Amino acid sequence: QVQLVESGGGLVQPGGSLRLACAASGRTFSTYAMGWIRQAPGKERELVAAISSGQSTYYADSVKGRFTISRDNAKNTVYLQMNSLKPEDTAVYYCAARPVSYATKHQDYIYWGQGTQVTVSS
């Protein structure tokens, strides 16, 4: 069982930056792949970034070059650095986990946090 708690969301102007954090419980965090999934109003959930237990990363085309996922296994935390934010990045961002290898489909993640709201608006 893994419990996940996201933080760092908020209101930011277009072109601005935010860093999301996801703190995980348990002593086996390093064995889990982590993903950041977002859901905008009226839209389906979208996996935007993922990182495997071995530090391999994946990015959706929509965020490639703007978002960076990283993890600190000593702190049981995964981060999502979001730069050059656009209004279309507005969504609830969820942190999720699955064993070892990342998946590119959000449905393949087992454990989920409660989500944090990111709003990009002037």
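Here's what I pulled together on the structure shown here. From a predicted model like this one, the values you see are computed outputs, not experimental measurements.

Cut-offs used in this document
- Residues numbered from 1 in each chain as written.
- Predicted model: local features only at pLDDT ≥ 70, side-chain atom pairs only at ≥ 80, totals over all residues.
- Heavy atoms only, no water.
- Buried < 20%, exposed > 50% of the residue type's maximum accessible area, 1.4 Å probe, protein only.
- Helix = DSSP H or I, 4+ residues; strand = E, 2+ residues; numbered from the N terminus.
- Pairing = 2+ DSSP bridges.

In terms of burial, strand 3 (residues 18-24) is a largely internal element, five of the seven residues being buried. One ladder, built from four bridges, connects strand 1 (residues 4-7) with strand 3; its direction is antiparallel. Bridged to serine 7 within strand 3 is alanine 21. Looking at chain direction, strand 3 and strand 8 (residues 77-82) are connected through six bridges and run antiparallel.

Okay, unusual backbone geometry next. Look at glutamine 55: it is not a glycine, yet its phi comes out positive at around 80°. Tracing the backbone through its elements, the reader meets glutamine 55 in the loop between strand 5 (46-51) and strand 6 (57-59). Phi is positive for serine 84, which is not a glycine, with a value near 50°. Along the polypeptide, serine 84 turns up in the loop between strand 8 and strand 9 (91-99). Judged by its relative accessible area of 42%, serine 84 falls in the partly exposed class.

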